[in-house]
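Given next are the chains, with one letter for each unit.
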Amino acid sequence: MFSCFCLLISAFLLFLLPLPAWGSPAQPERIPLTLEILQERLRTPTIREGNLTVDLREMVIDLRPENASFRDAFYQILRKELQKSGSKPLGLDLSYSVIQGDFVGSDLGLQTPLYAQAIAPIFTASEQEQLERLRDVCLRSLAVALPNSKDCKFLLGTQSAASTAISVFRGSLTLVETRFNGTVQFSNTFFLQPVNAQGAIFTQPAYWVETRFSRGASFANTNFRKDSYFQDSIFFDKLSFKQTLFQETANFQDSTFEDTANFTEANFKQVAKFSRTQWLGNADFSSVRFFEQAQFAKDIFNLVLFLSEATFEKSVAFREAQFNQPVNLKGASILNQADFSDAGFSPEAYLDVSGLLFNSNQAKILGNPGQIGKNIVVNGLQGNQSVLRNLGQNFRQLQQIADANQLEYTKQELRLQELTRSLFGTNINSASQKRLMDLGFSPVQADAIVRRRQIQPFRNKSELLTLADIDFDTYAQVISRIVVGNSLSVGNWLLLAWNWLALSLLLLLSGYGTNFCLAIGVGTIAIAYFGLLFWLIDSVRRIGPRPILPTAYETTCMLTSFGVLVLLGLLAIFRSAEQPWMTLGCVFVIIIPVPGVLLLRLYQQGRYHDLLDVSYFTEEGTLRQLRLLIGRLPVIPRYQMFRERYLPILCDRRWNWLNYYDFSLNNLLRLGFNDIRLRDEHLPGIITTLAWYQWVLGILYIILVFWTLSRTIPGLNLLIYLK
């Protein structure tokens, strides 16, 4: 009994004792650095990644003013060894150490002038070449602004040689999880080897001003608790600030990134300053969170700028920035204001806002009116309708109607693509196995699709990737030609086809009501064409035996005016249409086939009727004025009083050719100087059919024009479309 009691007591005490933290890494046991230990480590450097390195890891290095004697000796001894000549430079490893007091790292480098004749002879040819690369970068920086750094000013001849020395750090610098309790100073330093500061903690300001990183630099998972200064720095190789925490201001102004700069998942608690920075490689800010302002004004982005999943809680400024490649804003969150005013976009550049989280009632996107909307794209309509709607409302609130209309055009163009796929794409839920193989699926893949849809129909295209037999390359090859959904009945297919046709016409003829200049260009060509047809029908009524033909003067005037009007219409179309040739093709299909067939039939059968010597066109002789003829019909009523009021046009007048344009204008726009109509007697039916055909087109065209005006006039647009 007593033994059982003892066992229970032992188990209880064991439960109360703390268990070892098997999953957490053990904290290193740091030892204070003394001069003896320092000299010993200098005599026995270690080899890391093929380089000689002074191993000062897991140390407590006291550089505070009260320990001035050790501090001075530390810098003097370490500098002497690091600056020794040799083909293999000596690196410094301070990983897992704690630095007490200020750390002036630039004092450990070799002070050397920048001009080639005076570069220290201890540098190898490769190292001298790295130093001389600086001149090219300084010259390139002139494209942005005059450089502020001392070395660039000297190399460009704007500063004397008295202050051109730079501190050169020949070996690698390793600061993995190093803790700096004082200020860190690496300003005006040239690192010839990689710098690794992963997981380092800077509790006081860190100065890396005018620093040059010749090889790769990594500050991943670094914690900057105070201000960090990297302005006027140059990164010649890849750079990583992945998952870095900037708790105070981060200043990268006037810096240059020659290669990829990785800031993914970094956090900027205070202002992030990147103004006048050059990004020659990809700039990756994916999943970055900006808690305060982000400044990218006057930056140059030569390659892709990644801002996917980034969050901007306050304003972000890209004013006067230059984008030469796309800007990826997929899934980004803009909670305040994004300013793209006066930003430049190359032909290859655009803003991909697919999945953008943006509320127009709380945030704003600014840009040059009439330009920013053309540079916004999404990868598809599905999942982006709310994005386009919010952006459109944003531009309407800013009275940038052209940009709002451009987004509406983009939305409807994507809708047309979806309708096209629905009409002509292959539905994988109903396609035969042979049809699937014709698309590009292998027999095994097609069989897997058939077996899968028998169990459960596909709900979206991405479900194809859940099949083990389908690889991503095949999926990417067929995705644009397949659709997912229920099979369309004949009636639904015809209704969908009608919607497709109507939407295509609206996009081609007026940019879906967003381009008034395009609509006017289309109307100008139609008016000129029908005016020429009516002139031809009325002037060339008979070739023999007694010809009724126009005079040479009238023919010249008519053909010249027709050419001028068509040229004006073409200029308007090619200047404003997204697809000018498709628009012209659409116009020609509407105005040429039916009138052409009627005209051909008219001259084939000839004309043998009374009043052949009198013009088919009449005008109201009681009044001459500019009229808006909304309810006017192309043929006069069959009533004697009207026949007395409407007299034949005067064919012998030199300005008679204008009457045909007037009639065409009356039919298409219900606007004219004279109420010109066709007579109601002795009139061939083909001519009546042609006039009525243009009259019907005029009804549709007037609706198109007024609808376009309602969407393009700012005040009326806000009244109708802004909620």
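These figures come from a predicted structure and were not determined experimentally. Every chain is numbered independently, its residues counted from 1 as its sequence is written. The predicted origin of the model limits local features to residues at a pLDDT of at least 70 and limits the giving and counting of side-chain atom pairs to 80 or more, whereas totals for whole chains, interfaces and linings rest on all residues. With hydrogens and water stripped out, all remaining heavy atoms of the structure feed into the side-chain values.

## Points about the overall build of the protein chain
- Along the protein chain, the regular secondary structure elements total 20 helices and 52 strands.
- In what follows, a contact means two residues having at least one pair of non-hydrogen atoms within 4.5 Å. A separation of at least 24 residues holds for 55% of the contacts in the protein chain among residues at least 6 apart in sequence.
- Accessible surface, the protein chain as shown: approximately 35000 Å² in total, 57% of it carbon and sulfur. Each helix corresponds to a stretch of at least 4 residues labelled H or I by DSSP, and each strand to a stretch of at least 2 residues labelled E; elements are numbered beginning at the N terminus. Each accessible area value is a Shrake-Rupley result obtained with a 1.4 Å probe; residue values ignore everything except the protein chains displayed when judging cover.

## Some points on the side chain of Asn 659
- By the secondary structure assignment, Asn 659 is in helix α18 (residues 657-669).
- Given the relative accessible area of 4%, Asn 659 is considered buried.
- Not counting the four nearest positions on each side in its chain, Asn 659 is found in contact with Ile 649, Asn 674 and Ile 676. Summary of the burial criterion: residues with accessible area below 20% of their type's maximum are buried, those above 50% are exposed, and those between are partly exposed, where the area comes from a 1.4 Å probe applied to protein chains only.

## Considerations on the sheet that holds strand β8 (residues 110-112)
- Ordered by their spatial adjacency, 10 strands build an open sheet running β8-β9-β13-β17-β21-β25-β29-β33-β37-β41, and the pairing between neighbours is mixed. If you trace the sheet from one side to the other, it starts and ends with β8 and β41 (344-345), each paired once.
- For strand β21 (residues 234-235) and strand β25 (residues 256-257), the ladder comprises two bridges, and the chain directions are parallel. Considered in β25, the bridge of Ile 234 is made with Thr 256. One bridge is not enough; two strands pair if DSSP finds at least two bridges between them.

## Thoughts on the environment of Arg 607
- Assignment of secondary structure puts Arg 607 in the loop between α16 (593-605) and β48 (617-620).
- Spatially, the C-alpha atom of Arg 607 lies 7.5 Å from that of Arg 541, the residues being 66 residues apart in sequence.
- Ignoring anything within four residues of it in the chain, the contact list for Arg 607 reads Ile 537, Val 540, Arg 541, Leu 602, Leu 612, Tyr 616, Pro 684 and Ile 687.

## Re helix α13 (residues 516-539)
- To estimate how far a helix should reach, multiply one less than its number of residues by 1.5 Å. The end-to-end C-alpha distance of α13, which contains 24 residues, comes to 34 Å, matching closely the 34 Å that a straight helix rising 1.5 Å per residue would cover.
- For α13, the buried fraction is high: 19 of the 24 residues fall into the buried class.
- N or O atoms within 3.5 Å of each other form a polar contact, as long as, within protein, one can give a hydrogen and the other can take it, and as long as residues adjacent in sequence are counted only when both atoms are side-chain atoms. The distance from a side-chain oxygen at the start of α13 to the backbone nitrogen of Cys 517 is 3.4 Å, and the residue carrying that oxygen is Asn 515.

## Points about the packing of helix α2 (residues 35-43) against helix α3 (residues 68-82)
- Viewed as axis vectors pointing N to C, α2 and α3 meet at an angle of 5 degrees, and their least axial separation amounts to 11 Å. Classified by the angle their axes make, α2 and α3 are roughly parallel. Residues Leu 35, Leu 38, Gln 39 and Leu 42 of α2 lie in contact with α3, whose contacting residues are Phe 70, Ala 73, Phe 74, Ile 77, Leu 78 and Glu 81. Working convention: axes come from line fits to C-alpha atoms, limited for helices to the stretch in contact. Angles between N-to-C directions cover 0 to 180 degrees. Orientation categories follow fixed angle ranges, with anything under 35 degrees roughly parallel, anything over 145 roughly antiparallel, 65 to 115 roughly perpendicular, and all other angles oblique.

## Quick notes on the sheet that holds strand β15 (residues 201-202)
- Read across the sheet, 12 strands follow the order β1-β4-β6-β11-β15-β19-β23-β27-β31-β35-β39-β43 without closing on themselves; strand pairing throughout is parallel. The two strands at the open ends of the sheet, each matched to only one other strand, are β1 (31-32) and β43 (357-358).

## Quick word on the environment of Asp 680
- Following the sequence through the fold, Asp 680 ends up in the loop between β52 (676-678) and α19 (685-712).
- On the basis of relative accessibility, which here comes to 21%, the residue Asp 680 falls in the partly exposed class.
- In this structure the C-alpha to C-alpha distance between Asp 680 and Thr 618, which are 62 residues apart in sequence, comes to 9.8 Å.

## Describing the pairing of β48
- Burial of β48 is two-sided: the residues Phe 617 and Glu 619 facing one way and the residues Thr 618 and Glu 620 facing the other way are all buried.
- As defined by bridge partners, β48 adjoins β52 across three bridges and the pair is classed as antiparallel. Pairing of Glu 619 across the sheet is with Ile 676, part of β52.
- Pairing geometry for β48 and strand β50 (residues 646-648), over three bridges, is antiparallel. Of the residues in β50, the one forming a bridge with Glu 619 is Leu 647.

## Overview of the nonpolar core
- Ranked by size, the top nonpolar core spans 92 residues in total, and within it Phe 74, Phe 263, Phe 285 and Phe 323 carry the most contacts.
- Those elements that provide at least two residues to this core are α2, β4 (59-62), α3, β40 (337-340), α7 (385-397) and α8 (401-424).
- In terms of residue count, the dominant contributor to this core is α3 (five residues).
- Non-local contacts of Phe 74, meaning those with residues more than four positions away in its chain, are made with Leu 33, Leu 35, Leu 38, Leu 56, Ile 61, Leu 63 and Phe 103.
- Definition of nonpolar core: a set of buried residues of the types Ala, Val, Leu, Ile, Met, Phe, Trp, Tyr and Cys, connected through side-chain atoms within 4.5 Å. In this structure, Leu 509, Phe 530, Ile 591 and Leu 598 belong to the second largest nonpolar core, which totals 47 residues.

## Some details on the packing of α7 against α8
- Taken N-terminus to C-terminus, the directions of α7 and α8 make an angle of 160 degrees; their axes are 7 Å apart at the nearest point. The angle between α7 and α8 places the two elements in the roughly antiparallel class. Pair α7 / α8 crosses with left-handed handedness. Here α7 contributes Gln 385, Leu 388, Leu 391, Gly 392, Phe 395 and Arg 396 to the contact with α8, which in turn contributes Ile 401, Asp 403, Ala 404, Asn 405, Leu 407, Lys 411 and Leu 414.
- Residue classes in the contact of α7 with α8 are distributed as seven nonpolar, three polar and three charged. Throughout, a crossing is termed right-handed when the near helix is turned clockwise from the far one, and left-handed when it is turned anticlockwise from it by less than a right angle. Ten residue types, Ala, Val, Leu, Ile, Met, Phe, Trp, Tyr, Cys and Pro, are classed as nonpolar, four, Asp, Glu, Lys and Arg, as charged, and the remainder, Gly among them, as polar.

## A closer look at the confidence of the model for the protein chain
- Along the chain, pLDDT gives the predictor's confidence residue by residue, from 0 to 100. Per-residue pLDDT for the protein chain averages 85, and the proportion of residues at 70 or more is 86%.
- A low-confidence stretch, residues 1-25 stays under pLDDT 50, and its non-local contacts, those more than four residues away or across chains, total zero contacts.

## Notes on the packing of aromatic side chains
- Here a pair means two rings of Phe, Tyr or Trp (six-membered ring of Trp) with centres within 6.5 Å. Their orientation is stacked below 30 degrees between planes, edge-to-face above 60, and tilted elsewhere. Tallied over the full model, the rule gives 73 aromatic pairs.
- Both rings, one in Phe 323 and one in Phe 345, keep their centres 5.1 Å apart while their planes meet at 25 degrees; by these two values the pair is stacked. Of the two residues, Phe 323 sits in strand β37 (residues 322-323) while Phe 345 sits in strand β41, which places them 22 residues apart along the sequence.
- Lying over the aromatic face of Tyr 553, Arg 654 brings its terminal NZ or CZ to 3.8 Å of the ring centre. The criterion for a charge sitting over a ring is simple: Lys NZ or Arg CZ within 6 Å of the ring centre, and within 35 degrees of the ring normal.

## Let's talk about the pattern of salt bridges
- Here, a salt bridge means any Lys or Arg side-chain nitrogen found within 4 Å of an Asp or Glu carboxyl oxygen. As enumerated under the stated definition, the model contains 17 salt bridges in all.
- One salt bridge connects Asp 438 with Lys 434, and the closest N-O pair in it is separated by 3.4 Å. One end of the pair is Asp 438 and the other is Lys 434, both in helix α9 (residues 433-439) and four residues apart, which spans about a single turn.
- The class of Asp 438 is partly exposed, set by a relative accessible area of 49%.
- Residue Arg 459 is joined to Glu 463 by a salt bridge in which the shortest nitrogen-to-oxygen separation is 3.0 Å.

## Some remarks on the side chain of Arg 679
- Looking at the secondary structure, you find Arg 679 in the loop between β52 and α19.
- The convention is simple: Lys and Arg are positive, Asp and Glu are negative, and His and the chain ends are not counted. Within the buried set, Arg 679 has no salt-bridge partner at all; the shortest N-O distance to an opposite charge, 6.7 Å, is to Glu 681.
- Looking at Arg 679, its side chain comes within polar contact range of the main-chain oxygen of Glu 681, at 3.1 Å.
- Sequence-distant contacts of Arg 679, defined by excluding residues within four places in its chain, comprise His 609, Asp 610, Leu 611, Val 614, Ser 615, Tyr 616, Thr 618, Val 635 and Ile 636.

## Regarding a nonpolar patch on the surface
- Exposure above 30% relative accessible area and the absence of a salt bridge qualify a residue for a patch, where like charges join within 9 Å and nonpolar side chains (Val, Leu, Ile, Met, Phe, Trp, Tyr) within 5 Å. Side chains of Phe 424, Leu 488, Val 490, Trp 493 and Leu 494 sit close together on the surface and give an oily, nonpolar patch of about 520 Å² of accessible area.
- Examining the composition of the nonpolar patch, we find that three residues originate from one element, helix α12 (residues 490-510), more than from any other.
- Position of Phe 424 relative to the elements: it lies in helix α8.

## Considerations on the pairing of strand β9 (residues 166-169)
- Here β9 shows a buried face lined by Ile 166 and Val 168 and a second buried face lined by Ser 167 and Phe 169.
- Taken together, the three bridges between β8 and β9 define a ladder with antiparallel strand orientation. Among the inter-strand pairings, Leu 110 is bridged to a residue of β9, identified as Val 168.
- With three bridges connecting them, β9 and strand β13 (residues 189-191) associate as parallel partners. Across the sheet, residue Phe 169 finds its bridge partner in β13, namely Phe 191.

## A word on unusual backbone geometry
- In the Ramachandran plot, Asp 232 falls in the positive-phi region, its phi being about 65 degrees despite a non-glycine side chain.
- Judged by its relative accessible area of 12%, Asp 232 is buried.
- Of note in this structure, Arg 670 is not a glycine but carries a positive phi near 55 degrees.
- Classification of Arg 670 as buried rests on a relative accessible area of 1%.

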